[in-house]
Amino acid sequence: MVEENVEGEATPAGEEVVPGVGYLRRLLGYGHKVYGLGAVLARVRDGRQEPQIPMATVVRTVFACGLFRVRSFNALEPQLGEPQLAHALGLRPGCAGGRLCSVDTLARALRQADPRSFPDMLSALIERAERNKVFREGWIGALRYVALDGWEPIASRRRHCAQCLEREIQDGKQRVIEYYHRYVVALLLGPQEELVLGFEPVRNAAARRQAGERQVEGDEGEQTAAIRLLRWLRATYGRWLEVIVVDSLYPNGRFLTVLAELGFAGVVVAKKETDEPLRDALAIWGQSPGQVITDADTHERLELWDCPDCETLTTYAGPIRVVRGVVESMAARPTPRRQWCMLVVGKATQRLSARQILRVARARWHLENTGFNQWTQHWRFEHVFTTDGNAIAAIFALFFLAFDLLQLFVYRQLKSYGRLRGKDPTRTISRVVDMLVADLHRLDSFLCWDSS
Ligand SMILES: [Zn+2]
């Protein structure tokens, strides 16, 4: 196992005295030695004929743009002429005048790259982490959980591309068209690092036809994209991913059947009390009280009901376990009682207690908090860097890769630092990024990204 402290440093003492010095060198050294970062990025297949600027320059530059949270390609443009960025990327400038390249070149190269090679890059990093036994212990009940949810990072009334979805919205007195991109994102949940495993765009009608679908009527729905992502997750990562956690868009036979077919267990939030099988379970429980548990750590009172075997969904062949939890805060300022209902399918989840199932369902919010909120507020995902669908997805993949590597670095390498920053992962990561940027401006020699 080549996991911890790759450079053999006595990290904790030094790092707490002068936090941040040399973090960029350490991060990239860690990426290179433990995850083969250069080789991971080299998976992006170039679609250009005899390019002047190598693809390595393009992908490293955009990866760095994500890592340093550069707010736009306009803001990146002057940095492409600064020697520090070339040093950080381990690249000799290719253009006249000592510039790495132009932002137009970046956008053009990403537009023409093979779009299928970007998810490969993410999975290469995760698989390497898996081989290094990063996820060996699993999480609640020693299982590995993946949250899936739809996410809409960008919307515009002016700029659009062939892959945009469209909707009509009211603007004052007039109706206007808004263009947007929607993705389903898969996040590996855990007690510390939470990593993006993959993402899939919701396709518009044209993209569906281009992908070979016949008799297309309109855009596809989020669930169709989610099912495509599920199939990709299983085919790419094999069996170590066990439980899929999703919100109340998904408690339906079609989705549960796909989970069963692919051998995934599932925890699915259900909200509609009139829908089967929740209606049946609620009828069985009636007015009878549930099991009451007091959680001293979270200062909560939990009331739990568990119906292990509801077979009432006509569109799904297997048994469904239904769990209901009512959460009440016992803190000084009480909050309203909140009810959670979950449909639970698959073998792996049967051994979990009702309390554990509730914890899993609530952890789905990590995707909103550590994921979506952080990405739009701090990672500039909401900025329209370029107006081509392929290039946008490529930029997102490179940003996700930077996000994953940072998470692994903070929680696996700077363990004591991660703890020092308390329980707010966004703040922890933000501080580390500040230090990386400060490091960038101090760099006077080339950093190593690969073994060549
Ligand atoms: Zn678009």
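Our subject is the structure listed above.
Residues numbered from 1 in each chain as written. Predicted model: local features only at pLDDT ≥ 70, side-chain atom pairs only at ≥ 80, totals over all residues. Heavy atoms only, no water.

Secondary structure summary: the chain contains 17 helices and 10 strands in total. Since a compact globule built from 452 residues should have a radius of gyration of about 22 Å, the 23 Å found for the chain is in line with a globular shape. Along the three orthogonal principal directions, the C-alpha set of the chain runs to about 75 × 60 × 45 Å. Out of the 452 residues belonging to the chain, those deemed buried represent 54%. Of all intrachain contacts in the chain linking residues separated by at least 6 positions in sequence, the fraction that spans at least 24 positions is 67%. Of the accessible surface of the chain, which amounts to about 20,600 Å², a share of 48% is contributed by carbon and sulfur atoms. Within the chain, the 54 negative side-chain charges are centred at a point lying 1 Å from the centre of the 59 positive side-chain charges. (Helix = DSSP H or I, 4+ residues; strand = E, 2+ residues; numbered from the N terminus. Rg over C-alpha atoms; globule rule 2.2 N^0.38 Å. Buried < 20%, exposed > 50% of the residue type's maximum accessible area, 1.4 Å probe, protein only. Contact = heavy atoms within 4.5 Å. Areas by Shrake-Rupley, 256 points an atom, 1.4 Å probe, with all protein chains shown as cover. Lys, Arg positive; Asp, Glu negative; His and termini not counted. Charge placed at Lys NZ, Arg CZ, Asp CG, Glu CD.)

In the first shell of the zinc ion, the protein supplies Cys161 (SG), Cys164 (SG) and His181 (NE2), at 2.0 to 2.3 Å from the metal. Residue classification places cysteine 161 among the buried positions, given a relative accessible area of 14%. (Donors = N, O, S within 2.8 Å, 3.2 Å for Na, K, Ca; no water.)

This paragraph deals with the pattern of salt bridges. Across all of its chains, the model carries 28 salt bridges by this definition. Between aspartate 439 and arginine 442 there is a salt bridge, with the nearest N and O atoms lying 2.8 Å from each other. Placement of both aspartate 439 and arginine 442 in helix 17 (residues 425-442) is noted, with a separation of three residues, approximately one turn of the helix. The exposure class of aspartate 439 is buried, given its relative accessible area of 5%. Each of Glu152, Arg167, Glu178, Arg182 and Glu222 takes part in salt bridges that share partners, so that together they form one network. (Salt bridge = Lys/Arg side-chain N within 4 Å of Asp/Glu carboxyl O.)

Moving on, we get to the pairing of strand 8 (residues 300-310). Where strand 7 (residues 291-295) meets strand 8, five bridges bridge the pair, whose relative direction is antiparallel. Bridged to glutamine 291 within strand 8 is leucine 304. Two successive antiparallel strands, strand 7 and strand 8, enclose a turn made up of four residues, where histidine 299 displays a positive phi of approximately 55 degrees. Pairing analysis gives nine bridges linking strand 8 to strand 9 (residues 320-329), with the strands arranged antiparallel. In the sheet register, tryptophan 305 faces strand 9, and the bridge partner there is arginine 324. (Pairing = 2+ DSSP bridges.)

Judged by nonpolar contacts, the single largest core of 161 residues is most densely connected at Leu148, Leu233 and Trp375. If one sorts the elements of this core by residue count, helix 15 (residues 389-413) sits on top with 18 residues. With near-sequence residues (within four places) excluded, leucine 148 lies in contact with Val184, Val185, Ala186, Ala226, Leu229, Leu230, Leu233, Ile244, Val245, Val246 and Leu367. (Core = buried A, V, L, I, M, F, W, Y, C linked by side-chain atoms within 4.5 Å.)

Right, let's talk about the packing of aromatic side chains for a bit. As enumerated under the stated definition, the model contains 15 aromatic pairs in all. Seen from their ring centres, phenylalanine 199 and phenylalanine 400 are 5.1 Å apart, and the 65 degrees between their planes marks the pair as edge-to-face. Residue phenylalanine 199 is located in strand 4 (residues 195-201), and its partner phenylalanine 400 is located in helix 15; the two are separated by 201 residues in the primary sequence. As far as burial versus exposure is concerned, phenylalanine 199 and phenylalanine 400 are alike and both buried. Centroid distance tyrosine 250 to phenylalanine 255: 4.6 Å. Interplanar angle 55 degrees. Geometry classified as tilted. Each member of the pair, tyrosine 250 as well as phenylalanine 255, is classed as buried. What links up through ring pairs into an aromatic cluster is the set Trp151, Tyr183, Phe199, Phe372, Phe396 and Phe400. In this structure, arginine 234 packs its charged tip against the face of phenylalanine 264, placed 3.8 Å from the ring centre. (Phe/Tyr/Trp six-rings, centres within 6.5 Å; stacked < 30°, edge-to-face > 60°. Lys NZ or Arg CZ within 6 Å of the ring centre and 35° of its normal.)

So, on to the packing of helix 4 (residues 55-67) against helix 15. Look at helix 4 against helix 15: their axes get within 8 Å of each other, and the N-to-C directions meet at 60 degrees. With respect to their mutual orientation, helix 4 and helix 15 come out oblique. Two packed elements cross with a definite hand, and for helix 4 against helix 15 that hand is right-handed. The residues of helix 15 that touch helix 4, namely those facing Val59, Val62, Phe63, Cys65, Gly66 and Leu67, are Ile395, Leu398, Phe399, Leu401, Ala402, Leu405 and Leu406. Along the lines of polarity and charge, the residues of the contact of helix 4 with helix 15 split into 12 nonpolar, one polar and no charged. (Axes fitted to C-alpha atoms, helices over the stretch in contact; angles between N-to-C directions. Parallel < 35°, antiparallel > 145°, perpendicular 65-115°, else oblique. Left-handed = near helix turned anticlockwise from the far one by under 90°. Nonpolar A, V, L, I, M, F, W, Y, C, P; charged D, E, K, R; others polar.)

A word on helix 4. Its 13 residues give helix 4 an end-to-end C-alpha distance of 18 Å, which sits within 8% of 18 Å, the value for a rise of 1.5 Å per residue. The element helix 4 is largely enclosed, with a buried count of 12 among its 13 residues. Every buried residue of helix 4 is accounted for by Met55, Thr57, Val58, Val59, Arg60, Thr61, Val62, Phe63, Ala64, Cys65, Gly66 and Leu67. Of the residues trailing helix 4, arginine 69 is marked for its positive phi of about 55 degrees. (Expected span 1.5 Å × (residues − 1).)

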